[in-house]
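# Analysis of the macromolecular model
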Amino acid sequence: MTIPLPIDYRPQEDEEFMNPVMLEFFKHKLLAWREELLVESSATLQTLQNETLQEPDLADRASSETERALELRTRDRERKLIGKIDEALRRIDENEYGFCEITGDPISIKRLEARPIATMTLEAQEQHERMEKVHRDD
């Protein structure tokens, strides 16, 4: 069931956290982001299929190959991002969206607007990154 969103709706910190309208707002945001990534990915595939690497000059060929590799890496990152978006959409459907997977605390509205795939509060994310850095240095 979809809930109609007011045109100028923006989630506010003083409203009930993850109420149906707020969830619908984030669902729309995630779906639009996902669609944008899929359109870009499709355009990249079309371009790569239509391009030819028959550059006569070695420097031109190397430059083209480097550009293709960079584009493919970007699309791979976006493919992973689509997976995270799908996971966020699943959390919305299961009423788990917006809550930290570590502490269970609500994730701030500002953080979710900036990064709607966030799964941790800013504090939990910072602690997670500090722990990662400590263990990576070993």
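Computed from a predicted model, the values in this text were never measured in an experiment.

With that out of the way, let us pick up the pattern of salt bridges. In total, this model carries 11 salt bridges according to the counting rule given. We note a salt bridge from Glu40 to Arg75, for which the minimum N-O separation is 3.7 Å. A residue pair is termed long-range when its members are at least 10 positions apart, and Glu40 in helix α1 (residues 20–50) and Arg75 in helix α2 (residues 58–93) qualify at 35 residues. In this structure, Arg75 engages Glu71 in a salt bridge whose closest nitrogen and oxygen atoms are separated by 2.7 Å. On the criterion of helical spacing, the pair formed by Arg75 and Glu71 is a turn pair, its members being four residues apart in helix α2. Residue Arg75 is classed as buried on the basis of its relative accessible area, which comes to 17%. Classification of Glu71 as partly exposed rests on a relative accessible area of 28%. Here the salt bridges share partners, and the residues they tie into one network are Glu40, Glu71, Arg75 and Glu78.

A few words on the environment of Ala62. Position of Ala62 among the secondary structure elements: in helix α2. Given a relative accessible area of 39%, Ala62 falls into the partly exposed group. Sequence separation of Ala62 and Leu5 is 57 residues, and the distance between their C-alpha atoms is 50 Å.

Rules used in this analysis
- Residues numbered from 1 in each chain as written.
- Predicted model: local features only at pLDDT ≥ 70, side-chain atom pairs only at ≥ 80, totals over all residues.
- Heavy atoms only, no water.
- Salt bridge = Lys/Arg side-chain N within 4 Å of Asp/Glu carboxyl O.
- Helix = DSSP H or I, 4+ residues; strand = E, 2+ residues; numbered from the N terminus.
- Buried < 20%, exposed > 50% of the residue type's maximum accessible area, 1.4 Å probe, protein only.

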